[in-house]
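Working through the structure, step by step
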Amino acid sequence: MKKIGIFCSASENIDKMYFESARQIGKWMGESNKTLIYGGANLGLMECIAGAVKEYGGTVIGVVPSKLEENGKVSKCLDQMIHTQNLSDRKDIITEESDILVALPGGVGTLDEVFHVIAAASIGYHQKKVIFYNDYGFYNELLKTLSTLEEKGFARQPFSSYYEVAETLDELKEKIK
Ligand SMILES: Nc1ncnc2c1ncn2[C@@H]1O[C@H](COP(=O)(O)O)[C@@H](O)[C@H]1O
C-alpha cells in the first residue's frame, strides 16, 4: 500500500520516546516512497513524522481545516495541501485519500479520528482498516475496552474486520507492505 493515513498526537509535551518512534516510521515511509496523508499541522508527532517522510524522500499531503490555517499551524513539509472547512470533512478526506489508516499515540483528536474511521467502516461506508501502533503498550487499555465491547455483543462484526494492532515497526511494515 502506498498512501498511508496517519493519526497522531499534536502535543509537544509527551515523552521523547514517542517522537523517536514516529521518526523511525517516517524514515521507513520515506525510504519506501510512501505518501503520508495527515492533518498537516506543524505540531508534536504530526510534524515529526512529516519531517522524516520528507527528509527520506516520501511525499507529504496535509488535509488542513481553515481554523488551522488561520492559526498559522500549517507544516512547511507539505508537498500538497487539501483545504477543508472543518474537522469532520478532514476525517472523511483523510479516509478517502488513504489506502490504510494508522493510529500512533495521541489524545482525543486522534481517538476521534480513529473512531470516525471504524464507525464509518462498521456501517459500510468503506472497507479500510485502522492499525493501532501500540508503541510501548500505549493502546493496551483502549484495546481491552474494545475487546470488552465485542465480548458483550456491542460489535456488529468482529472488530478484527475494522482494526489490527502492530506492536513493533516490523509488524507495522508487514501489515502495510
Ligand atoms: N488543534 C489541532 N491541531 C492539529 N491537529 C489536530 C488538532 N485537533 C485535532 N487534530 C487532529 O487530531 C490529531 C491530533 O490531536 P491529539 O488530540 O493531539 O491526538 C491529529 O491526527 C490531527 O489530524
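Throughout, a residue's number is its position along its own chain's written sequence, starting from 1. Reporting in this predicted model follows two pLDDT cut-offs: at least 70 for local features of residues, and 80 or more for side-chain atom pairs to be given and counted; totals over whole chains, interfaces and linings ignore these cut-offs and use all residues. Heavy atoms from the whole structure form the basis of all side-chain values; hydrogens and water molecules are not counted.

**Quick look at the confidence of the model for the chain**
With 100% of its residues at a pLDDT of 70 or more, the chain shows a mean pLDDT of 96. With pTM at 0.96, the complex prediction returns an ipTM value of 0.92. For every residue, the predictor states its confidence as a pLDDT score lying anywhere from 0 to 100.

**Describing the side chain of E113**
With respect to the element layout, E113 can be found in helix α5 (residues 108-122). Under the scheme applied here, a residue whose accessible area is under 20% of the maximum for its type counts as buried, over 50% as exposed, and between as partly exposed, the area being computed with a 1.4 Å probe on protein chains only. In summary, the charge assignment counts Lys and Arg as positive and Asp and Glu as negative, without counting His or the chain termini. Only one rule defines a salt bridge in this text: a Lys or Arg side-chain nitrogen within 4 Å of an Asp or Glu carboxyl oxygen. R90 is the oppositely charged side chain nearest to the buried, salt-bridge-free E113, at an N-O distance of 4.3 Å. By the convention used here, residues are in contact when the closest approach between their heavy atoms is within 4.5 Å. Filtering out sequence-adjacent residues up to four positions away, E113 remains in contact with F7, R90 and K91. We count a stretch as a helix when DSSP gives it H or I for four or more residues in a row; a strand needs E for two or more, and each element gets its number in order from the N terminus.

**What about the nonpolar core?**
Ranked by internal contacts, the top residues of the largest apolar core, which has 32 residues, are I6, M29, L36, I49, V102, L104 and L172. Taken together, the elements giving at least two residues each to this core come down to β1 (3-7), α1 (16-31), β2 (35-38), α2 (44-55), β3 (59-65), β5 (100-103), β6 (130-133) and α7 (169-176). When neighbours within four sequence positions are excluded, I6 is seen to be in contact with M29, L36, I37, Y38, I49, V102 and L104. Here the nonpolar core consists of buried residues drawn from Ala, Val, Leu, Ile, Met, Phe, Trp, Tyr and Cys, with membership extended through side-chain atoms lying within 4.5 Å. Listed in part, the 21 residues of the second largest apolar core include I93, L101, I118 and A121.

**Details of the pairing of β6**
By the alternation rule, side chains of β6 split into V130 and F132 and I131 and Y133, which are all buried. Judged from the three bridges that link them, β5 and β6 form a sheet pairing that is parallel. Each residue of the ladder has a partner; that of A103, found in β6, is F132. Note on handedness: a clockwise path from strand one over the helix to strand two, with the strands aimed away from the viewer, defines a right-handed crossover. Crossover β5 to β6 through α5 is right-handed. Paired strands, in this sense, are two strands between which DSSP finds at least two bridges. Relative to strand β7 (residues 163-166), β6 is paired through four bridges, and the arrangement is parallel. Residue pairing across strands places I131 opposite E164, the latter belonging to β7. Note on the crossover from β6 through helix α6 (residues 140-151) to β7: the handedness is right-handed.

**Notes on the side chain of T95**
The topology assignment puts T95 in helix α4 (residues 87-97). Within 3.5 Å is the distance limit for a polar contact, defined as a pair of N or O atoms, with the added protein rule that one can donate a hydrogen and the other accept it, and that residues adjacent in sequence qualify only through two side-chain atoms. For T95, the side chain forms a polar contact with the main-chain oxygen of K91, separated by 2.7 Å. Beyond its immediate sequence surroundings of up to four residues, T95 is in contact with L101, V117, H126 and K128.

**A closer look at the packing of aromatic side chains**
Aromatic rings from Phe, Tyr and Trp, taking only the six-membered ring of Trp, are treated as a pair when their centres fall within 6.5 Å; an angle between ring planes under 30 degrees marks them as stacked, one over 60 as edge-to-face, and anything in between as tilted. With the rule as written, the count across this model stands at seven aromatic pairs. With centroids separated by 6.0 Å and ring planes inclined at 85°, the aromatic side chains of Y18 and Y136 adopt a geometry described as edge-to-face. One end of the pair, Y18, is in helix α1; the other, Y136, is in the loop between β6 and α6, with 118 residues separating them in the sequence. A relative accessible area of 55% places Y136 in the exposed class. Aromatic rings pair up to connect Y18, F132, Y136, F138, Y139, F159, Y162 and Y163 into one cluster. Throughout this description, the term charge over a ring refers to an Arg CZ or Lys NZ atom that lies within 6 Å of the ring centre and within 35 degrees of the ring normal. Directly above the aromatic system of Y56 lies the positively charged group of K27, at a separation of 5.3 Å from the ring centroid.

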